[in-house]
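# A closer look at the structure
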Amino acid sequence: MIEMARFYSSPGKSDKWRRSTVFRTCYLCRSMFGHRRRFVALLTVGLVFAAAAESPAAAARKRRRTTSSKRTTVRRPPAPPTVVLAEGASPADAAVGEACRKGLGSLQGSAVAMDPKTGRVIAVVNPTLGVERAYQPCSVFKIVVGLAGLSEGVITPRSQYNCRGGSCWLWPGHGPIDLRRALAVSCNPYFEWVGEQLGYAKVQHYARLLGLGAPSGLNMQQETSGALPLFVPPSLVGHVSSHAKGVATSAVQLAVLISATINGGTVYTPQLAPVAGFVPHPRWRLPDTTVTNGLAEGFLGAVNEGSASTAFDPDITVAGKTGTCAGVGWLASYAPADDPRIVIVTFVKPGSGHLASTVAGRIYQYLYKPAAPQIAAPLVSSGE
């Protein structure tokens, strides 16, 4: 009826045309056309009632559209970081925990601080993410591949590979590159090349030697064992060697791993404990044929010039290895680089190795900058 009223009152049309057209299309109009005034009045009343009936619904729809357009998702603020210290922790240990908490800030992630020479865990921030859960270690796993390659005689620190791009994050490639530089810039093709020469059985063997794929023995509840693939097809060994696809580790496992590469080859059972009266718990020593020479230079290069450069500070000699993949970021690091006294593994989710390095850089600044000499001094003597 509404449409007919609009049609009937349309301008520019003669009454003869309207009558002929309406008569052909509407029985009601044919029957009522003789009473034109009554018909128009009836249609007008119908329009008024229709508009009145439609307006509440239309108004409601408009309100819904307006409300939905203004509606915003209310995000809860992240929970404050949980700092775990040993019972009877010293003020120096508490300072380490506070530095880790402040360094992580509002980011979702974890930090583990450990003495690499004794395996004593000083502090754990957010143990759910750093101890109880395991994530792909990404390029931190290149430490395993590099150590295996050196120990098996597949490479030396000076062995070069010509990176032409391909799977490298740097699209034109790094060109001829050696182990130090490959660790510093996290060159994927270099470690794919090393891993393919080794084969997965040897890569897995050295991963287990460094403590991956099993609980570390940390004296905290619900520690994850992580994961190591039982078998990897030859065609995928390169990708596992560069990205750690299928491997899962925790922050505390990576702290044990990097500690073993810089402390002379001892894999410790990490223990959350105060420094007073602490007795180290060695799990085993790496075989005498294990070669670690050549790794530390790459770790230092990563901070000074490479993928962990956001942790660089001219007053603090930090070294480490980043990892970025699958929406997570890592930095397994230590300081001072020439005489490691503390290992700090930072993990962020979501994030990248650059973000994890930024977190670590803040932690080291809180610990070692001149503004906090009372914190730095006890760390030098911790565990010795």
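Structure: see above.
This section reports on the structure supplied with the text.

Tracing the backbone shows Leu257 in helix 12 (residues 251-262). Along the sequence, Leu257 and Phe141 sit 116 residues apart, while their C-alpha atoms lie 9.7 Å from each other. For Leu257, the contacting residues outside a window of four places in its chain are Ile143, Val144, Leu210 and Leu212.

What follows is about the pairing of strand 3 (residues 120-125). Buried residues dominate strand 3, accounting for six of its six residues. Two strands pair when backbone bridges link them, and strand 1 (residues 83-84) and strand 3 are joined in this way by two bridges, in the antiparallel orientation. What sits directly across from Val83, in strand 3, is Val125. Looking at chain direction, strand 2 (residues 109-114) and strand 3 are connected through four bridges and run antiparallel.

Moving on, we come to the state of the cysteines. Should the sulfur atoms of two cysteines be covalently bonded, the bond is a disulfide. Summed over the entire model, instances satisfying the criterion amount to one disulfide. The disulfide partner of Cys138 is Cys325, and the gap between their sulfur atoms is 2.0 Å. Sign of the S-S torsion, about -80° for the bond between Cys138 and Cys325, identifies this disulfide as left-handed. With Cys138 in the loop between helix 6 (127-132) and helix 7 (142-151) and Cys325 in strand 9 (residues 319-325), this residue pair connects regions lying 187 residues apart in the sequence. Owing to a relative accessible area of 1%, Cys138 belongs among the buried residues under this scheme. You can call Cys325 buried: its relative accessible area is 13%.

Rules behind the numbers
Residues numbered from 1 in each chain as written. Predicted model: local features only at pLDDT ≥ 70, side-chain atom pairs only at ≥ 80, totals over all residues. Heavy atoms only, no water. Helix = DSSP H or I, 4+ residues; strand = E, 2+ residues; numbered from the N terminus. Contact = heavy atoms within 4.5 Å. Buried < 20%, exposed > 50% of the residue type's maximum accessible area, 1.4 Å probe, protein only. Pairing = 2+ DSSP bridges. Disulfide = S-S within 2.5 Å.

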